[in-house]
Structure formats: C-alpha cells, structure tokens
Amino acid sequence: MSENKNLWQMIKFTLFSISAGVIQEGLYLVLFNALGLSYWFSYLVSLVASVLWNFTFNRRYTFRSDADVKRSMLLVALFYVVFTPVTMLGGQWLVNHGLNGNVVQIGTMLLNFVLEFLYQRFVVYRGRIDTNDVARRAERRKQGA
C-alpha cells in the first residue's frame with residue numbers, strides 16, 4: 001500500500017473515530033454525569049454504541065473491505081472481549097481511587113483509538129483492504145482520469 005493510501009486511511013480512521021468518540025462521550029456524559037449511573041455501566045453502554053458506529057463506517061469507507069461481515073464483527077468482538085473488561089475494571093478502580101471519571105474515559109478512548117486501528121488494519125482486514133464496491137469505483141475513476 002502506498003504512503004498516500006496509508007495516510008488517507010489513517011485520516012479517515014481518525015475522523016470516523018472522532019465521530020464515534022463524540023457518540024461515546026456524549027452518551028457517557030448523560031449516563032454518568034446526568035443520570036449518576038456507575039462508571040462501568042456508563043462506560044460499557046457508551047463503548048458498545050461507539051464500536052457499532054465505528055465498525056460500520058470503517059469497514060465500508062476506511063478499509064473499503066468486502067471481508068465477511070460476520071467474521072469481521074467476530075474478530076472485532078474478540079478484541080473487545082479483552083479490551084473492555086481490562087479498561088472497564090481498570091477505569092472503575094481509577095475512579096474509586098480518586099481519578100476523575102471523565103479523565104479516565106478520555107484516556108481509555110485514546111488507548112482504544114490506537115489499538116483498534118492497528119488491530120483492524122493488521123488482523124481484521126488483513127489481505128481484504130480496498131476490495132469492496134467503493135474501492136472498485138474509485139479505482140475505475142482513477143483509471144478513467
């Protein structure tokens with residue numbers, strides 16, 4: 001993959017992650033701050049919502065993959081089977097020991113951003129990047145230009 005394609009892929013992943021982060025943080029703030037629910041519950045609900053959003057857009061537009069949806073989602077779920085309990089319990093521990101829940105949430109989101117990009121790029125969509133209809137149309141436009 002060329003440097004320009006890699007850079008554009010990282011930019012798209014970043015932009016979609018920002019949109020997912022807005023969803024996650026907004027929902028988290030409502031659940032944790034406005035409704036006073038526990039850190040772990042607020043974190044879990046907001047994380048699931050952002051993962052579903054992020055997965056949908058990154059599969060189609062960032063990695064432009066035609067990889068099997070069920071397989072891809074299963075691989076993403078396996079990532080979160082490890083990531084979620086570690087960050088949920090670790091985050092709750094940090095909150096219980098005086099660290100602000102909002103600070104923990106932002107730190108966790110940044111960690112998630114980096115790890116998820118690497119995991120999706122090199123595990124979930126390995127060998128299946130730029131294979132969907134969006135990628136094929138872009139390639140046809142490029143060749144026709």
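Now for a description of the structure that goes with this document. (Residues numbered from 1 in each chain as written. Predicted model: local features only at pLDDT ≥ 70, side-chain atom pairs only at ≥ 80, totals over all residues. Heavy atoms only, no water.)

**Details of the environment of V123**
Topologically, V123 is positioned in helix α4 (residues 101-124). Considering only alpha carbons, one finds V123 and R136, 13 residues apart in sequence, at a separation of 22 Å. (Helix = DSSP H or I, 4+ residues; strand = E, 2+ residues; numbered from the N terminus.)

**Remarks on the nonpolar core**
It is characteristic of soluble globular proteins that their nonpolar side chains tend to be buried jointly. Judged by nonpolar contacts, the single largest core of 22 residues is most densely connected at Y39, Y43, F63, V76, Y80, V124 and Y125. Sorting the residues of this core by element identifies α1 (3-34), α2 (39-62), α3 (69-96) and α4 as the ones contributing at least two each. Among the elements that take part in this core, α3 stands out by supplying seven residues, more than any other. Sequence-distant contacts of Y43, that is, excluding residues within four places in its chain, are made with Q24, Y28, F83, T84, T87, M88, Q105 and T108. (Core = buried A, V, L, I, M, F, W, Y, C linked by side-chain atoms within 4.5 Å. Buried < 20%, exposed > 50% of the residue type's maximum accessible area, 1.4 Å probe, protein only. Contact = heavy atoms within 4.5 Å.)

**Let's talk about the pattern of salt bridges**
In total, this model carries five salt bridges according to the counting rule given. Residue D130 pairs with R64 through a salt bridge whose shortest N-O separation is 2.8 Å. Within this pair, whereas D130 is found in the loop between α4 and α5 (133-144), its partner R64 is found in the loop between α2 and α3, the two being separated by 66 residues in sequence. Take R64: its relative accessible area is 14%, and that puts it in the buried class. A salt bridge links R128 to D66, with the shortest nitrogen-to-oxygen separation between them at 2.2 Å. Of this pair, R128 sits in the loop between α4 and α5 while D66 sits in the loop between α2 and α3, placing them 62 residues apart in sequence. (Salt bridge = Lys/Arg side-chain N within 4 Å of Asp/Glu carboxyl O.)

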